[in-house]
Structures are given as C-alpha cells and as structure tokens.
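# Close look at the chain arrangement
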Amino acid sequence: MSSGDGQQSQALTKPAFSEVQASAIVDSVFGLKVSKIQPLPSYDDQNFHVCISRTKDTTDGPNECVLKINNTESSKTPDLIEVQSHIMMFLRAAGFPTASVYRTKGDHITSLTSIDSGSEIKSYLVRLLTYLPGRPIAEIPISSQLLYEIGRLAAKLDKTLELSSLHRENFIWNLKNVPLLEKYLYALGQNRKREIVEQVIQLFKDEVMTKLSHFRECINHGDLNDHNILIESSKSACGDAVYQVSGILDFDDMSYGYYVFEVAITIMYMMIESKTPIQVGGHVLAGFESVIPLTPVERGALFLLVCSRFCQSLVLAAYSCHLYPENEEYLMITAKTGWRHLQQMFDMGQKAVEEIWFETAKSYEPGISM
C-alpha cells in the first residue's frame with residue numbers, strides 16, 4: 001500500500017503523469033503502441049491500465065498491462081524494486097497468480113524517467129506489468145470458505161518465500177515498527193481515536209516487542225488487503241457462483257517479518273468490508289493454519305497484532321491525507337469502517353475475541369462439524 005519508510009515526509013512526491021505522458025513512456029521505454037489508457041487507484045504511486053495496439057510487427061507481448069510509476073522516494077531504491085519484481089516472477093513460476101514483468105527495450109526490468117515539474121526535475125522508476133483479470137474481493141460478499149482460502153493463500157505465499165531475505169530497516173508498514181507511529185499521531189488530533197492508538201502502541205511495546213524472538217521469521221507480502229486480491233467466478237454443478245483467486249497485486253510492502261504478522265494483516269483487511277467482522281478472524285486463521293499452524297506464543301499475540309495493523313493503516317491514512325488531500329477517497333478506504341472495528345475489538349477484549357476466532361478455527365479440524 002505504501003513505499004515509505006520511517007522517515008517518510010513531504011519529500012515524497014506522488015507521480016502526477018497525464019495519460020498522454022504515460023502513453024509516451026510505454027512507447028519510448030517499452031516500444032509498445034497504446035490504443036487505450038486509463039488511471040487505476042493507488043496509494044502513493046501511480047498506475048495505469050494500458051491496452052496495446054497490435055500490428056503485424058508486434059505480435060508478441062501483452063495485450064493489456066499495467067504501467068506502474070513509483071513515487072520519488074521509492075524510485076531512489078531501484079535495487080529493492082528489482083528484488084520485488086524478481087520475487088513476483090518467482091511466485092508466478094511457482095504457480096501463484098502474480099503479474100509478470102515486461103522488459104524495456106534495453107532488456108531491463110525498470111527504467112528511470114525524468115520530468116520537469118517546473119521548479120525542478122524529478123525522476124521516477126517505471127515498470128510494465130501484465131494485467132491480471134478479476135475483480136477485487138472488496139466488490140463481493142465474502143463467504144467463510146473464501147476467507148479460509150485467502151488465509152491458506154497467505155500461508156502458502158510465506159512458506160514459498162521462507163528462504164528469501166528482504167530486510168528493510170524502519171519500514172513503516174512492517175508490523176514490527178508499530179512504535180514508529182508515534183511521530184504521526186498528530187494527524188489524528190486529540191480525541192478518543194488517538195487514545196486507543198496510544199494504548200495499542202504501549203501494549204505492543206510491552207507484550208509483542210518482548211516476544212519477537214519467539215516468532216518464526218519469514219518474508220511477508222504485507223498488504224493482502226481486499227483490493228489487492230482479485231477473484232473470478234465460475235458456476236458450480238448446482239449453478240451457484242464459485243470464486244477463486246485470480247490475482248495477487250502490490251508487492252511494494254514486502255519485508256522480512258514473521259508468519260504471525262501475515263495472518264494478522266490478512267485478518268485485519270478481511271474485516272474491513274465484512275458485515276460480521278469479528279467472525280472473520282477464525283476462518284482466515286483456519287485456512288492459514290491448514291498450511292502453517294501457529295505456536296501458542298504466536299496465537300497469544302494475534303489479537304494485539306490485528307489491533308496494531310488497524311492502527312498502522314488508520315494513522316498513516318490520516319497522515320497521508322494531510323499530504324495528498326486530493327487522494328482522500330482512496331486513502332481513507334480503511335477508515336470508513338476501520339475505526340468502528342478497532343473500537344469493537346477493544347470493547348469486547350482479547351479473551352472474548354480470541355474465543356470466537358479459536359472456536360471457529362477449531363471447527364475446521366477433521367471430525368468436527370461446522
């Protein structure tokens with residue numbers, strides 16, 4: 001969702017390329033002619049859905065693709081962007097529905113494009129990715145079975161990448177760095193919301209930071225939200241709609257973390273659009289644990305980690321709205337229901353929420369009727 005680190009500031013500039021400029025990049029950098037182009041929603045980068053013209057000389061390559069233009073800060077770390085791109089391609093080769101990367105005319109994965117903004121020249125990294133079919137799961141009612149499958153997907157992703165390494169010191173979206181939120185709390189003002197976040201941060205310091213050495217390490221996707229997972233439907237033998245994951249988007253928040261981080265992040269984002277958000281966690285957890293069972297220590301931290309991810313998303317969205325008020329609608333997607341869900345979890349308390357999650361997860365065990 002974001003590419004900033006602990007030092008994110010107004011120095012970060014979100015790209016603002018016009019459709020004409022974006023089409024010119026596709027032509028000059030990748031050697032492809034654009035027949036149609038339209039912007040896609042994004043957090044602090046810029047994305048375009050691009051349709052490619054076909055001629056007798058250009059029969060190879062994608063018919064549809066996504067032009068991704070990184071913001072000025074992440075454009076300063078081309079090695080990191082290349083690693084993310086290679087991991088996407090590795091996962092695709094392993095059978096995951098991730099995008100592949102279309103190489104430049106010079107046979108590179110990325111290209112640095114400069115533009116005169118009037119007062120200075122700014123440089124942006126650009127990539128061209130294959131377009132993945134499907135609809136974001138945010139657009140459909142999510143069944144318990146689909147929640148289970150998404151939990152399973154999250155675990156399989158992490159397990160496939162368990163021998164990889166991607167350390168990003170002070171990366172603000174890594175759950176380990178929840179205490180770094182303190183420098184952004186001013187964006188909330190003085191109110192009950194801020195009090196809750198301050199309590200979560202303190203609990204995180206006291207109860208999670210002291211247990212990190214007991215968590216099992218891995219690479220986290222870090223942003224399996226309801227807009228980054230695409231699904232396609234088909235008809236079952238009974239005529240009912242059956243959904244399956246057709247795409248996994250946005251690997252910009254990948255970093256070295258822990259298995260329990262991934263399941264906590266996934267639970268939090270699956271709660272956002274749910275009409276019964278507290279029940280979500282058990283289904284996602286069951287799917288995750290069908291691949292990677294959590295240890296008792298990891299399970300004991302799950303409630304607070306979900307609360308912590310709510311805080312990360314809500315605080316950083318409020319902060320980003322100060323920087324980019326024109327992008328408020330997209331930035332505040334989580335906030336529409338997120339504060340209410342966080343408050344509900346706090347009001348119910350850890351024991352009551354865990355009882356619902358763990359009993360639901362237990363119901364998936366063989367021999368136990370759901």
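Now for a look at the structure at hand. The structure displayed is predicted, hence computed values, not measured ones. (Residues numbered from 1 in each chain as written. Predicted model: local features only at pLDDT ≥ 70, side-chain atom pairs only at ≥ 80, totals over all residues. Heavy atoms only, no water.)

## Re the environment of H86
Within the secondary structure, H86 is located in helix 2 (residues 78–93). Under the relative-accessibility criterion, H86 is labelled partly exposed at 42%. (Helix = DSSP H or I, 4+ residues; strand = E, 2+ residues; numbered from the N terminus. Buried < 20%, exposed > 50% of the residue type's maximum accessible area, 1.4 Å probe, protein only.)

## With respect to the side chain of D45
Within the fold, D45 resides in the loop between strand 1 (34–40) and strand 2 (46–52). Side-chain polar atoms of D45 contact the backbone nitrogen of N71, separated by 2.9 Å. (Polar contact = N/O pair within 3.5 Å; in protein donor to acceptor, adjacent residues only side chain to side chain.)

## A few points about the packing of helix 6 (residues 277–289) against helix 10 (residues 350–362)
At a minimum axis distance of 7 Å, the contact between helix 6 and helix 10 shows a crossing angle of 40°. Between helix 6 and helix 10, the angle is such that the two are oblique. Along this stretch, helix 6 crosses helix 10, giving a crossing that reads as right-handed. On helix 10, the residues that touch I278, Q279, G281, G282, H283, L285 and A286 of helix 6 are V353, I356, W357, F358, T360 and A361. Partitioned by chemical class, the residues of the contact of helix 6 with helix 10 number eight nonpolar, five polar and no charged. (Axes fitted to C-alpha atoms, helices over the stretch in contact; angles between N-to-C directions. Parallel < 35°, antiparallel > 145°, perpendicular 65-115°, else oblique. Left-handed = near helix turned anticlockwise from the far one by under 90°. Contact = heavy atoms within 4.5 Å. Nonpolar A, V, L, I, M, F, W, Y, C, P; charged D, E, K, R; others polar.)

## Side note on unusual backbone geometry
Phi is mostly negative for residues that are not glycine, and the peptide bonds are mostly trans. Positive phi outside glycine occurs at N170, with the angle close to 60°. Mapped onto the elements, N170 comes out in the loop between helix 3 (144–160) and helix 4 (192–207). Owing to a relative accessible area of 33%, N170 belongs among the partly exposed residues under this scheme. Here D250, not a glycine, exhibits a phi torsion of approximately 60°, which is positive. Along the polypeptide, D250 turns up in the loop between strand 10 (241–248) and strand 11 (255–258). For D250, a relative accessible area of 23% translates into the label partly exposed.

## Regarding helix 2
Look at helix 2: 23 Å from first C-alpha to last across 16 residues, which is about the 22 Å you get at 1.5 Å a residue. When helix 2 is considered as a whole, its buried residues turn out to be L80, I81, Q84, S85, I87, M88 and L91. Taken around the axis of helix 2, the buried residues stretch over an arc of 160°, which confines them to a single face. In this structure, helix 2 carries D79 and A93 as exposed residues pointing more than 90 degrees from its buried face. Looking at the buried positions of helix 2, the neighbouring elements they touch are strand 4 (101–102), strand 6 (121–130) and helix 3. Directly after helix 2, the chain includes G95, whose backbone phi takes a positive value near 105°. (Expected span 1.5 Å × (residues − 1). Arc of directions from axis to C-beta.)

Bear in mind that shape data such as this cannot, by itself, settle questions of function.
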